[in-house]
Every structure is written in structure tokens, then in C-alpha cells.
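Residues per chain are reported as follows:
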Amino acid sequence: MYLPLLPTISTAFIVISAVFVAIGWYLIAKRRVEAHRKAMTWAGVFALVFFIVYVSRTVFDGNTAFGGPPGVKVFYLAFLIFHIFLAASGGVFGIVSIWSGYRQKIIRHRRLGPITSIIWFSTAVTGVTVYMLLYIIYGGGETVPVIKAITGF
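Residues numbered from 1 in each chain as written. Predicted model: local features only at pLDDT ≥ 70, side-chain atom pairs only at ≥ 80, totals over all residues. Heavy atoms only, no water.

The name recorded for the protein chain in an unreviewed UniProt entry is DUF420 domain-containing protein, from Metabacillus flavus.

Turning our attention to a positive patch on the surface. Together, Arg103, Lys105, Arg108 and Arg111 make up a positively charged patch on the protein surface. Within the secondary structure layout, arginine 111 lies in helix α4 (residues 106-137). (Patch = residues over 30% accessible without salt bridge, like charges linked within 9 Å, V, L, I, M, F, W, Y side chains within 5 Å. Areas by Shrake-Rupley, 256 points an atom, 1.4 Å probe, with all protein chains shown as cover. Salt bridge = Lys/Arg side-chain N within 4 Å of Asp/Glu carboxyl O. Lys, Arg positive; Asp, Glu negative; His and termini not counted. Charge placed at Lys NZ, Arg CZ, Asp CG, Glu CD. Helix = DSSP H or I, 4+ residues; strand = E, 2+ residues; numbered from the N terminus.)

When two helices pack together, their arrangement is given by the angle between the helix axes and the distance between those axes. Closest axis-to-axis distance for the helix α1 (residues 5-29)/α4 pair is 10 Å, and the angle between their directions is 155°. As judged from the angle between their axes, α1 and α4 are roughly antiparallel. Here α1 and α4 pass one another in a crossing that is left-handed. Of the residues in α4, those touching α1 at Pro7, Thr8, Thr11, Ile14, Val15, Ser17, Ala18, Val21, Ala22 and Trp25 are Ser117, Ile118, Trp120, Phe121, Ala124, Val128, Tyr131 and Tyr135. Partitioning the contact of α1 with α4 into residue classes produces 14 nonpolar, 4 polar and no charged. (Axes fitted to C-alpha atoms, helices over the stretch in contact; angles between N-to-C directions. Parallel < 35°, antiparallel > 145°, perpendicular 65-115°, else oblique. Left-handed = near helix turned anticlockwise from the far one by under 90°. Contact = heavy atoms within 4.5 Å. Nonpolar A, V, L, I, M, F, W, Y, C, P; charged D, E, K, R; others polar.)

Burial of nonpolar side chains together is a common tendency in soluble globular proteins. Counting 9 residues, the largest nonpolar core is built from Ile14, Ala18, Val21, Met40, Ala43, Ala47, Phe50, Trp120 and Ala124. Secondary structure elements with two or more residues in this core: α1, α2 (33-61) and α4. Top element by residues in this core is α2. It accounts for 4 residues. Setting aside chain neighbours within four positions, we find alanine 43 in contact with Ser17, Phe20 and Val21. Phe66, Val130, Leu133 and Leu134 belong to the second-largest nonpolar core, a separate cluster that totals 7 residues. (Core = buried A, V, L, I, M, F, W, Y, C linked by side-chain atoms within 4.5 Å. Buried < 20%, exposed > 50% of the residue type's maximum accessible area, 1.4 Å probe, protein only.)

On to the packing of aromatic side chains, then. Taken as a whole and assessed by the stated rule, the structure comprises 8 aromatic pairs. Centroid distance phenylalanine 20 to phenylalanine 46: 5.7 Å. Interplanar angle 10°. Geometry classified as stacked. Residue phenylalanine 20 is located in helix α1, and its partner phenylalanine 46 is located in helix α2; the two are separated by 26 residues in the primary sequence. Owing to a relative accessible area of 23%, phenylalanine 20 belongs among the partly exposed residues under this scheme. Plain terms: the ring middles of phenylalanine 50 and tyrosine 54 are 5.8 Å apart, the flat faces sit at 20° to each other, and that makes the pair stacked. (Phe/Tyr/Trp six-rings, centres within 6.5 Å; stacked < 30°, edge-to-face > 60°.)

Here's what the structure looks like:
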């Protein structure tokens, strides 16, 4: 089975990020604040690396169209839109949560942290599902770089 390199790598980074969020959640429940901070910093680093790989792949390699049956495509697209909404909101929540933690805005951080974590876990799960639908279950359709789609070159 052929697994595309960059989508596999970017999906792995988002899963690793979610694992660090889970570790950080466990650590803060045990009142290990410094270890929590380190775990959440690593979660943020892996999320950022995911984002850089994803954007780079989208711009230079392109997005892969859904290659499954037409009857499933509408469900896939609805699911994909839900995933994109989660990812975008999770990114914003993540930045605010990390920033508030580092700035010692503890009330805000404690209020947003659990919400952010749930959004991030959901983003990771839906991201892996999108990856599975595109590359494992159905196989991807055509991939067109954004630059080529815009410029025609």
C-alpha cells in the first residue's frame, strides 16, 4: 500500500500533539505545573510543525480530492468542513491557552484549557479520519498545487 509522505507526516504530528495534550492534562491534574507547561509547549510545537507541513504541502504539492464513491462524497465534505472548523477554532484556542498560561493569566487559562483540549482531541480524531478516508479507505483523487490552480503553471 502506498502512503503519501507529507500527509502521513503531518497527520503523525497532529496525533503526537494530541498525545502531549493528554499528557499535559494528566500532569496538571497531578499538580505538576512545570511538567504540564513542558508537555503543553511540546504539544504546541508539534501542532505548529503540523501547520507548517500542511500549509507547505497545500501550497506546493496541493490538496488531494476525495477519491471515493460520489454517494459518499457529500458526507465526506460535511465531515471535512466540521474538521476544518475544529482545526481553525482549536488553533485559536490553543494560542490563547498557551499564551495565557505563559503570561500567568491563570483564571483565563484554567477556563480555556479544558475546552481547548477537547477541541484539540476532536481535531486530531477527525484529522486522522480525513486522512484514512483520503488515503487508506478510498485512495486519493487528483492532487493539484494551489500555485498551479491560481496561476495555471
